[in-house]
Amino acid sequence: MQSIRSILVVIDPTPGESLALKRAKLIAGVTQAHLHLLVCDRKHEHSALLSVLKSSLSSEGYSVTTEQAWNESLHETIIDVQQAEGCGLVIKQHVHENPLKKVLLTPADWKLLRYCPTPVLLVKTANPWAGGVVMAAIDVGNMDGEHRTLHASIVDHGFDIASLAKAQLHVISAHPSPMLSAADPVFQLKETIEKRYREECKAFQAEFDIDDNHLHIEEGPADVLIPHMAHKLGAVLTIIGTVARTGLSGALIGNTAEVVLDSLDSDVLVLKPADIMDHLEELAAKA
């Protein structure tokens with residue numbers, strides 16, 4: 001997070017406080033990152049709003065530029081501008097889609113999470129991060145090289161943001177239910193499964209000083225457990241990752257991130273492994 005030099009902030013031009021901008025100011029205030037404000041609209045002119053925001057932010061000491069753009073769709077516009085400006089993080093207020101509409105059309109925020117080559121922070125509430133709980137969700141049942149790198153990135157971002165906001169960092173991982181028929185005896189008992197998962201967490205616990213009280217290994221499907229634990233802990237931010245699913249071109253986000261998005265009461269930061277982001281960079285450059 002500290003290495004991000006430029007942040008793309010998607011501005012909702014409707015009246016009211018911009019939750020995305022509020023989060024961007026918090027991060028930029030610590031990292032000194034440049035803010036690029038973007039209004040996505042092909043019909044109406046918003047230069048006056050952008051001028052007021054730029055003037056206000058500049059007077060507060062922020063480095064800021066503004067733009068209004070539109071290209072085919074919301075997520076394509078955001079990604080085009082992110083590429084052109086070289087932004088290392090996209091911040092956008094999450095729009096809750098009608099369930100019936102979701103059946104017929106893929107929500108714009110899902111598309112942004114799938115195809116954006118950089119981390120995406122979707123802001124859902126005005127709750128302050130300061131002094132709250134940052135929850136990093138990992139899947140230590142998958143410990144191949146790609147997942148290990150992703151887990152490290154998730155916990156690293158969680159540690160950075162918790163330090164930035166003087167918040168508590170909690171780490172969670174869901175584990176499967178015991179199966180007596182499992183070939184590996186470890187997975188026949190809840191106790192041995194949990195022990196295996198906790199062993200996998202020892203390295204990053206030591207690196208980021210996460211004690212056992214802040215590590216939660218729980219039984220259940222991740223898409224149910226993540227919102228449940230976020231609510232139980234009162235998380236202000238949930239950090240989740242995604243890796244490519246076999247046969248889906250290497251660019252599609254895992255279902256968990258999409259499924260939990262509307263279920264979470266917190267803001268959501270979604271990360272991807274470097275190889276997926278590189279692939280998405282190539283796709284974006286060809287578009």
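So, how was this worked out
- Residues numbered from 1 in each chain as written.
- Predicted model: local features only at pLDDT ≥ 70, side-chain atom pairs only at ≥ 80, totals over all residues.
- Heavy atoms only, no water.
- UniProt positions renumbered as here; feature names shortened; annotations may be inferred.
- Helix = DSSP H or I, 4+ residues; strand = E, 2+ residues; numbered from the N terminus.
- Contact = heavy atoms within 4.5 Å.
- Areas by Shrake-Rupley, 256 points an atom, 1.4 Å probe, with all protein chains shown as cover.
- Pairing = 2+ DSSP bridges.
- Axes fitted to C-alpha atoms, helices over the stretch in contact; angles between N-to-C directions.
- Buried < 20%, exposed > 50% of the residue type's maximum accessible area, 1.4 Å probe, protein only.
- Phe/Tyr/Trp six-rings, centres within 6.5 Å; stacked < 30°, edge-to-face > 60°.
- Left-handed = near helix turned anticlockwise from the far one by under 90°.
- Polar contact = N/O pair within 3.5 Å; in protein donor to acceptor, adjacent residues only side chain to side chain.
- Expected span 1.5 Å × (residues − 1).
- Right-handed = clockwise from strand over helix to strand, strands pointing away.

The protein carries the name Nucleotide-binding universal stress protein, UspA family in an unreviewed UniProt entry, which gives Pseudomonas saponiphila as its organism. Under the heading Subcellular location (unreviewed entry), UniProt records this for the protein: "Cytoplasm". Under Sequence similarities (unreviewed entry), UniProt gives the following word-for-word description of the protein: "Belongs to the universal stress protein A family."

Looking only at helices and strands, the protein features 10 helices and 10 strands. Contacts spanning at least 24 positions in sequence make up 76% of the contacts within the protein whose residues lie at least 6 apart. With an accessible surface of roughly 13600 Å², the protein has 54% of that area assigned to carbon and sulfur atoms.

So, about the sheet that holds strand S7 (residues 168–175). Spatially, the 10 strands line up as an open sheet ordered S3-S2-S1-S4-S5-S10-S9-S6-S7-S8, and their pairing is mixed. Since the sheet does not close on itself, it has two edges, and those belong to strand S3 (64–69) and strand S8 (215–219), each with one partner. Averaged over all adjacent pairs, the angle separating strand axes in this sheet is 20°, with direction ignored. Sheet topology note: the strand S6 (residues 133–138)/S7 ladder contains 6 bridges and is parallel.

Here Leu261 lies in helix H9 (residues 255–261). Note on Leu261: relative accessible area 0%, which makes it buried. Residues Leu261 and Asp109, 152 residues apart in the sequence, show an inter-C-alpha distance of 9.3 Å. Filtering out sequence-adjacent residues up to four positions away, Leu261 remains in contact with His94, Asp109, Trp110, Leu113, Leu122, Lys124 and Val268.

Our next topic: unusual backbone geometry. Of note, the phi angle at Glu72 is positive, near 70°, even though the residue is not glycine. Under the relative-accessibility criterion, Glu72 is labelled exposed at 64%. Its identity as a non-glycine residue notwithstanding, Asp209 has a phi of 55°, on the positive side. Here Asp209 is to be found in the loop between helix H7 (190–208) and S8. A residue is classified by how much of its surface remains accessible, and Asp209, at 70% relative accessible area, is exposed.

So, on to the packing of aromatic side chains. Evaluated as defined, the whole model comprises 1 aromatic pair. Residues Phe159 and Phe208 carry aromatic rings whose centres are separated by 5.3 Å and whose planes lie at 50° to one another, so their mutual orientation is tilted. With Phe159 in helix H6 (residues 145–164) and Phe208 in helix H7, this residue pair connects regions lying 49 residues apart in the sequence. Accessibility expressed as a relative area gives 33% for Phe159, which makes it partly exposed. Judged by relative accessible area, Phe208 falls into the buried class, the value being 9%.

Let's shift gears to the packing of helix H3 (residues 74–85) against helix H5 (residues 108–115). Where H3 contacts H5, the two axes come as close as 8 Å, and the packing angle between them is 35°. Pair H3 / H5 crosses with right-handed handedness. Side by side, H3 and H5 meet where Leu74, His75, Ile78 and Ile79 of the first sit next to Ala108, Lys111, Leu112 and Tyr115 of the second.

This next bit is on the side chain of Ser173. Topologically, Ser173 is positioned in strand S7. Here the side chain of Ser173 touches Ile138 through a polar contact of 3.2 Å, landing on its backbone oxygen. Not counting residues up to four positions away in its chain, the partners in contact with Ser173 are Ile138, Asp139, Val140, Tyr197, His216, Ile217, Glu218 and Leu225.

With that settled, consider helix H1 (residues 19–31). The terminal C-alpha atoms of H1, which comprises 13 residues, lie 19 Å apart, in line with the 18 Å expected from a rise of 1.5 Å per residue. Buried residues of H1: Leu19, Ala20, Leu21, Arg23, Ala24, Ile27, Ala28 and Thr31, and no others. Of the residues trailing H1, Gln32 is marked for its positive phi of about 65°.

Right, let's get into the pairing of strand S2 (residues 34–40). Where burial is concerned, most of S2 is hidden: 6 out of the 7 residues are buried. Here 5 bridges tie strand S1 (residues 6–10) to S2, and the two strands are oriented parallel to one another. Bridge pairing in S2 places Val10 opposite Leu38. After leaving S1, the chain enters H1 and then returns to the sheet as S2, a path that is right-handed. Pairing of S2 with S3, which is carried by 6 bridges, proceeds in the parallel orientation. If you follow Leu35 over to S3, its bridge partner there is Val64. Between the parallel elements S2 and S3, the chain passes through helix H2 (residues 47–59) in a crossover that is right-handed.

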